Amino acid sequence: MLGQSTSEAAVDAGDISIKNRTRVSIQRWLLTSFSRVRLLFLVLLLSSTLFAAEWVSLGPDGGDARSLAADPSNPQRIFLGTSAGELFLSTDGGTTWTRYAHLGSGYDYVLDHVVIDPTNPQTMYAGAWSVENNGGDVFKSTDGGKSWQALAGIHGKSVRALAMAPADSKILAVGALDGVYRSLDAGQTWTRISPESNAELKNVESLAFDPKKADVIYAGTWHLPWKTEDGGRTWSNIKQGVIDDSDVFSIIVDQNNPSVVFASACSGIYKSETGGQLFKKVQGIPFSARRTRVLQQDPTNSAIVYAGTTEGLWKTIDSGATWTRVSPANYVVNDVLVDARHPETVLLATDRTGVLLSRDGGRTFASANRGFSHRQVTAVVADKESSRRIYASLINNREFGGVYLSDDDGSSWSSLNNGLGTRDVFTIEQTSSGALLAGTNNGIFLLDGKDKEWRPINLTLREKVTTIPIKGAKKGAPKTRVKREWIKGVLTGRVAQLKADDHRWYAATSQGLFRSLDSGKSWTGGPVVGNTDFISVDHHGDLVFATTPRFPMLSKDDGNTWTILKLPTYVSRITSVAVGPKDELWMVTHLGTYRSQDEGQTWQHELGGDPLANIWFVTYDRKGERLVGVAGNRNQVIESRDDGKTWTVAAKAHYPIRNVTSFSGRMLAVTDFNGVVAQPETEVSTKAAGGGN
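Residues numbered from 1 in each chain as written. Predicted model: local features only at pLDDT ≥ 70, side-chain atom pairs only at ≥ 80, totals over all residues. Heavy atoms only, no water.

**Student:** What should I look at first to understand the overall build of the protein chain in this one?
**Tutor:** A count of helices and strands for the protein chain gives 3 helices and 60 strands. By the burial criterion, 57% of the 693 residues in the protein chain qualify as buried. Total accessible area on the protein chain is roughly 29700 Å²; 49% of this is exposed by carbon and sulfur atoms. (Helix = DSSP H or I, 4+ residues; strand = E, 2+ residues; numbered from the N terminus. Buried < 20%, exposed > 50% of the residue type's maximum accessible area, 1.4 Å probe, protein only. Areas by Shrake-Rupley, 256 points an atom, 1.4 Å probe, with all protein chains shown as cover.)

This is the structure we're talking about:
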């Protein structure tokens, strides 16, 4: 039980050395009559509230970048596509970026291809495929990317490749999971040009036009390359020389000599000098770099070709005879852009490291992510002592860091990862002494002022009580005695949430709920009422509120005994819990947020924001004496200073917000894919002076 004394346990144990891409779809709640009336009251209240200015994007800069495209008339103007349907724009050649447009109704579209018409750069196309289903779209803009429209003739196709014919910019080709489609009228109408009966010519990953003949098209599939010379009436499987069962990720055709074709596959890079009739595997690139996601030819020198692989960027200056890796091996390159006017300028779109810029033909690279943030931040903490210091925890960042630190209000960030390895960090918490706790996919780690790196604090102690018979016990004397011993273990599971105060630390983990009374030297706990997969915990005084995805549990005696609370009607999935003002219980579910004022015996559905818009996250800022939440389509930050009776809107964002925290009156929010955003300091000052709620 959590009630065991971990301090005493640590003494008994002696000096022990310690060894050691999902989204949730939102279901709307069918409101009751009472809720509807209350909602109307809230709408009237909020209608008089002026929305605050757009919050400031803090970063950390970088993350996953999928595609790059430069304006042919102005190479300084570059577009960057992401895996959440967002386009960023740079007007200074990739040095700085701004969020420019969002494509699609959700955040599931991967923008792997952006194409700009060289005859009219105001006309642009973007191909998208969904990470949630087999759908997708081709979008078109006629105003330089300011506004976009999905093209009806190709709607619903999972677009994995998009190409424009160099000989005629009105001719477009799309590679989808079910084949190849072509448009002859700039996307107004589309025709399938691959045969439906061909079981092999599908799952099209790459496309390329002959630079001089628009009817000649190359298509790379998840199983070998194909070619048509008559606009799709007939197709040939151009596999001679290619290892069978090769996924063809990229195809390029020499702009000066169309007989020269390069194709990249999981088995290596291939070159043909016969228009694809015969391929030969190029030498010089190790087999371990087999996943070459993109090939790019220097627009001024066809002998120079770049290969973006899962193990860095490779370059040939002799048309593929020899290759040299020109970047670190841990770069995962998704796209390569070579400046047509200054070919020594090379931009890379990468996983995790974002955009990288070289001005010497790839010999050296530097980060070019200012203004671009596409990281999966899980939590943010404002330092208790330094008003300008912020910590952020990340997932899916591998060796590039699970925790980031900023000492200048988020203007710049550095990795604070020593000791964490490649672990994902799902939660971060600062203790009253200023030390940091990180909850990872493999236990808990501590970083205090004396440490230069994170160290694991995962010793668990379980009390074992044994009844032992007493031999020769005299009549009337006890016949048994109780033996107590501590069984050592290690916390190795996923840590979803940490909560720390002056006296106790709590951890919600996949191995159960744990508590430490000795600053992490040891933990006691584990399964509670037979349940292990804890995802959230909060406490105040002796009241502890914790939950698994299905079972909320309450302890009124600091974890000694527990009660499983009854869920509201229709609720089947919980995402987080909080202890609010007056020790009210707040529970966030797939149907919105519920509040209990009677220790979980009854629940009220809480609302806030626009009609039918529930509160999707809530936390209590005890120092500021206010509830802070996320409402609407997860794009409104709201607050309540009267225990949840009324709410006001603090901000309305253009992207979904995951959670919010508060420090010194200023709110910081974590977005799904765009890092950390912050309430403007001028807005905080205005409210403090009485200029707002």
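**Student:** Sorry if this is basic, but what is going on with the pattern of salt bridges here?
**Tutor:** Across all of its chains, the model carries 23 salt bridges by this definition. Across the salt bridge formed by Lys582 and Asp643, the nearest N and O atoms sit 3.3 Å from each other. With Lys582 in the loop between strand 50 (574–579) and strand 51 (585–589) and Asp643 in the loop between strand 56 (636–640) and strand 57 (648–652), the pair connects residues that are 61 residues apart, well separated along the chain. Residue Arg626 is joined to Glu639 by a salt bridge in which the shortest nitrogen-to-oxygen separation is 2.6 Å. One end of the pair, Arg626, is in strand 55 (residues 626–631); the other, Glu639, is in strand 56, with 13 residues separating them in the sequence. What makes Glu639 buried here is its relative accessible area of 3%. Through salt bridges that share partners, Asp501, Arg504, Arg515 and Asp558 make up one connected network. (Salt bridge = Lys/Arg side-chain N within 4 Å of Asp/Glu carboxyl O.)

**Student:** Any chance you could explain the layout of surface pockets here in plain terms?
**Tutor:** Empty space among the atoms becomes apparent when a probe as large as a water molecule is rolled across them. Taken as a whole, the second largest pocket spans an internal volume of roughly 1600 Å³. The wall of the second largest pocket is formed by 44 residues, among which Val114, Val115, Met164, Ile252 and Gln296 lie closest to the centre. Mapped onto the lining of the second largest pocket, the elements with two or more residues apiece are strand 3 (67–71), strand 7 (109–116), strand 11 (159–165), strand 15 (204–209), strand 19 (248–253), strand 23 (292–298) and strand 27 (332–338). Residues belonging to the lining of the second largest pocket are distributed by class as follows: 29 nonpolar, 8 polar and 7 charged. (1 Å grid on protein atoms, 1.4 Å probe; cavity = no way out; pocket = protein on both sides within 12 Å on 5 of 7 lines; lining within 4 Å. Points joined across faces, edges and corners; volume = space filled by probe spheres on them. Nonpolar A, V, L, I, M, F, W, Y, C, P; charged D, E, K, R; others polar.)

**Student:** Got a minute to help me understand the sheet that holds strand 37 (residues 436–440) in this structure?
**Tutor:** Read from one edge to the other, the open sheet built from 4 strands follows the order 36-37-38-39, with strand pairing classed as antiparallel. On the outer flanks of this sheet lie strand 36 (425–430) and strand 39 (455–456), each paired with one strand and no other. The sheet contact formed by strand 38 (residues 443–447) and strand 39 spans 2 bridges and is antiparallel. Across the sheet, Phe445 pairs through a bridge with Pro456, a residue of strand 39. (Pairing = 2+ DSSP bridges.)

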